[in-house]
Each structure stands twice: as structure tokens, then as C-alpha cells.
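Listed below are the residues making up each chain.
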Amino acid sequence: MSAAGVALMLGGAGILLAASPAQAADVSYKTECIPPPISGLPPVQGTTKVQLTAPAEAKVGDTVEVVWKTVAAASNNPDVLDLEKDTVKPTGTIKVGGAAVGDLPMEGPRQNPPIPKNSPMVLPEMKGTLKLEKAGEITLTPDAYNINVSKPISTDTKCSPKETVQPGATIKVTDGGGTTAGGTTTGTTVGGTISGTISGTTTGTTTGSTTAGGSTADGGTTAGTTAGGTDSGGTTAGSSGGGGGQTDFEGKEVSVAYACKTPIGDKNATSPVKINAKKNGGSFDLTVKFSKSVMDSPADIPADSVKPSMEVKLGGADKGTVHVEGPTNKEPIKSGDPIEIPDLTGTYKPGASGKSTLSPGVLTVMALGTTTTCTPPADVAVSLELDTSSQPGGAAGGSDTGGATSGGGTDSGGGLAATGAEDNGTLRALGLVAGTAILLGGAVFTFTPWRRLRGTR
């Protein structure tokens, strides 16, 4: 028998002996909940109300089940998105005291009704088991808990007590051989403190989004601001001539103020963009680049989940658009790892002779089953001017969806763009989709932070 007198046990196939009628008691405590960093939301102060259920009496050797029912979470589902059914999973810790000292891990299933915006979080019950190895009174006190939401990206809201919490249940343990009801249990006692495994297992990270752990958001519509604006009058990076001569043409970096339609409403975003070209016979291989910058991913991004494309806008002698696109991310991106953005590439076949201009156009991002469309202003600046010669089947006169066929994406290219918004270092090149960060196709945008958006509603 260990000094701690108790070991946390895996629930296993059979749970557990209730040695005496179960007791249930409510306990409330002040709590601080930290939303996912990508939400931009501040910490939430609230009160958690928990009901713990455990047998009032048991014998040494018994393995008992403890149930944590969250009567009221400290935070609501914020004004970001409605949470789908069975996307919320809680885990938590119960502090064990008295005759044994340690932490009892608790876990609930991913099970919940649909939870609308601005409504209380509804959490399933959490369970844990422990084996009693020493006589005496054991107290059970609810402690910190975590709320995981699986869609559209897996995110966590972490809640912890901000005051001394009173015990929610007490088990009186007496000497005598105990039993477990069905199955076998295993566990360990380490150095007088409790250690063990959670009853049940947590499956891997699923792609999806966030509950931002509740919010004090005001209602209304989002407005957002843009950093920068548009540059006027691009410059010609070079001339293709009629044959021979220069073949590589570097565009001017222009700042584009995009208006984006996202799954959670309209957002404004600004991105520096450069269009380069390489002469290939009578056509040009285009590469659209975003300013080099590196940031860390705020959440796990699964492989092959983000696909960006753009319709480069033609002007001057030529008309229409040219489709360019980038590859999906080949590897998963772990939270905290640097994010690199691929170039967008395609082929421009001129449809007119003369000086033709190329400007950033409509950007479309397919990410985790969602679509975000970002439109530049009508007077978007020119990034590149080329001397072109009309080619059969070229772009002139094409519609907004016309233009040359895509040349496919490459894996090269810069990272997320800096925005120049020096007044707020938290501005990052990620789009907030469904309250969480979905890379805007790797499109390096800076949406106005949530706390600022919420202030304008």
C-alpha cells in the first residue's frame, strides 16, 4: 500500500463499485478562461458551477467512479459562430486531498447539442476513477478544465480557478477488502502523490475551429479597418520587345486593400503583392508573390487543407484575367511552427499587342471545406507592365473568369506578409474564418483583430 493511499485507475471495461449511495454536491468558484490565441479575444472572468458525484463511503481496495457535471461554465460561446452538434469535448482535473494527495484526471466525450452564438456552453459530464488504498477521509475538489472544439480547426479554451475552491465531495474510506465491478483496473502511485491515466482516451486532433471560451462581445456587425490601402500607378519592370532581349520581368510590390467574403461575414484585409513574369515564347509564365515574412502557426493545420488561387487582372492593351494558383500544404503544420506561403503561378497568353498591365485580382481560398473570396478595389495598382504581342487564343476580351490556363503551383515562395501596422504587433497574416485561423489560401492577409472588430459592432 502506498503512502498516498490511492492510485488513479483506467476505467477499462468495467466500472466500478459504488460502495455506498452516491453523494452529489454543487460547488462554485471564480474562474478565468483563456480563449485560443488565434481568436484575439481577451481572458474571460466568470463563475464555474460544478456538481461532483462520488460514493459517500467505500472500503480500502475499492475502485470508485467520480463524475463531474458542469452545471454552468464560466464562459459562453462567443459571438463568432454556432457550434455544431458533438464538437465539444471537456477535460479537467480534480484535486484529491485528505488521506491521499494528488490529481485525478477527468474526461468527457465529444458530445453536445448545437450551441448557438452568445449562449451558455453545454458540456458533457466528465468521469474519472480512482482506487482507494488507505483508510481515512478523501476530499475531492474541482480544479482547472479545458474545452476543446473540433471544427473547423481544433482549438482549446483553458479555464482555471482564481480563488480557493471548496471540496465538492468527501469519501470516507474504511478498512476492508474491496472489489471492483467487472473488468480489471490498473494504476500507479508515485512518491506519495497520485498519478494515473484518464478514464477513456482522447482521439487525435481533428480539423476545425474554436470556441473562444466565451466572450463579453457586444453584438452587431463587423466593420474592420485596412492597413495601408492601394498604391497608384505601377511601374514597368521591363519590356519584352519583339524577340530576344530581356526575358525576366520583376513587378512592383503593391499594397492591396481587399474586401473579403468569409463564412462568418465580410472582412477587410490588406496584403502586399508582387507579380513577376518570365517570357516563354509568345507567352509569359507568371508568379504572384507575397512579401516575405515568417510567423508561427496558431493552430494545427492538417496537410492538403488550404488551396489559394487568384485571377490576375489585365489592363492597358489587353483585357480579361489570368488564373494563377498555388499548391496545397503538403505537410501538416504544427501549432507554433513557421508557416511558409507558396507562390501562385500560371501562364499568360497575350490577346493584344501593345503595353499590357497586370494587377492583383480576385483571390479565392478553399480551406477546410470553406471558401473565402477577396476582391480588390476597382482602382487596384498595377504591379507589372509588359510589351505584348497578340497570340492565337489569347486573353484579350475575355471575361472575368477568362484568361490563360493555370500553369500549376510551385513549392517555392515567401512567407506571410508583414502589414506595416506598427500600432498593433498582433496583426498577423492570417484570415480569421469561423472564429479561428484558416490560412487565407496562404494569402497573407491581416484581418482586423477580433477585439477591434468586436468594439465596432
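Residues numbered from 1 in each chain as written. Predicted model: local features only at pLDDT ≥ 70, side-chain atom pairs only at ≥ 80, totals over all residues. Heavy atoms only, no water.

### Some words on the overall build of the protein chain
No. 1: Each helix and strand in the protein chain was counted, giving one helix and 30 strands.
No. 2: When burial is assessed residue by residue, the protein chain has 50% of its 457 residues classed as buried.
No. 3: Taking all contacts inside the protein chain whose residues are at least 6 apart in sequence as the whole, residues at least 24 apart take part in 77%.
No. 4: Working note: accessible area of the protein chain is about 18500 Å², and carbon and sulfur atoms make up 50% of it. (Helix = DSSP H or I, 4+ residues; strand = E, 2+ residues; numbered from the N terminus. Buried < 20%, exposed > 50% of the residue type's maximum accessible area, 1.4 Å probe, protein only. Contact = heavy atoms within 4.5 Å. Areas by Shrake-Rupley, 256 points an atom, 1.4 Å probe, with all protein chains shown as cover.)

### Remarks on the packing of aromatic side chains
No. 1: Scanning the entire structure with this criterion turns up three aromatic pairs.
No. 2: Ring centres 6.1 Å apart and planes at 65° place the aromatic pair Phe249 and Phe284 in the edge-to-face group. Of the two residues, Phe249 sits in strand E16 (residues 248-249) while Phe284 sits in strand E19 (residues 283-290), which places them 35 residues apart along the sequence. By the burial criterion, Phe249 is buried, and Phe284 matches it.
No. 3: Note on Phe284 and Tyr348: the rings are 6.1 Å apart at their centroids and 25° apart in plane angle, and the pair reads as stacked. Remark: Tyr348 occurs in strand E24 (residues 344-348) and Phe284 occurs in strand E19; sequence separation between them is 64 residues. When sorted by exposure, Phe284 lands in the same class as Tyr348, which is buried.
No. 4: Ring pairs connect the aromatic residues Phe249, Phe284 and Tyr348, which therefore count as one cluster. (Phe/Tyr/Trp six-rings, centres within 6.5 Å; stacked < 30°, edge-to-face > 60°.)

### Some details on the confidence of the model for the protein chain
No. 1: Counting all residues, the mean pLDDT for the protein chain is 71, and 62% of those residues have values of 70 or more.
No. 2: Low confidence marks residues 178-243, where pLDDT is under 50. Its contacts with residues over four positions away, or in another chain, come to 216 contacts.
No. 3: A low-confidence stretch, residues 398-457 stays under pLDDT 50, and its non-local contacts, those more than four residues away or across chains, total 217 contacts. (pLDDT = per-residue confidence, 0-100.)

### Details of the nonpolar core
No. 1: Core analysis: the largest hydrophobic core is formed by 40 residues, its most contacted members being Trp68, Leu140 and Tyr145.
No. 2: Elements represented by at least two residues in this core include exactly strand E2 (22-34), strand E3 (44-55), strand E5 (63-72), strand E7 (88-98), strand E8 (102-107), strand E10 (126-132), strand E11 (136-149) and strand E13 (169-174).
No. 3: Formed by 33 residues, the second largest nonpolar core is a distinct cluster that contains Val254, Cys260, Ile301 and Leu358. (Core = buried A, V, L, I, M, F, W, Y, C linked by side-chain atoms within 4.5 Å.)

### Things to note about the pairing of strand E26 (residues 370-375)
No. 1: Burial of the side chains of E26 is restricted to one face: Thr370, Thr372 and Cys374 are buried, whereas none of Thr371, Thr373 and Thr375 on the reverse face is.
No. 2: Relative to E26, strand E17 (residues 254-262) runs antiparallel, the two being bridged by three bridges. When the sheet's bridge partners are listed, Lys261 is paired in E26 with Thr373. (Pairing = 2+ DSSP bridges.)

### Here we look at the side chain of Thr31
No. 1: Among the structural elements, Thr31 can be located in strand E2.
No. 2: Overall, the relative accessible area of 2% leaves Thr31 in the buried class.
No. 3: Polar side-chain contacts of Thr31 include one of 2.8 Å to the side chain of Thr48.
No. 4: Those residues within four positions of Thr31 in sequence are excluded, and the remaining contacts are Val44, Gln45, Gly46, Thr47, Thr48, Ala74, Tyr145, Cys159, Ser160, Pro161 and Lys162. (Polar contact = N/O pair within 3.5 Å; in protein donor to acceptor, adjacent residues only side chain to side chain.)

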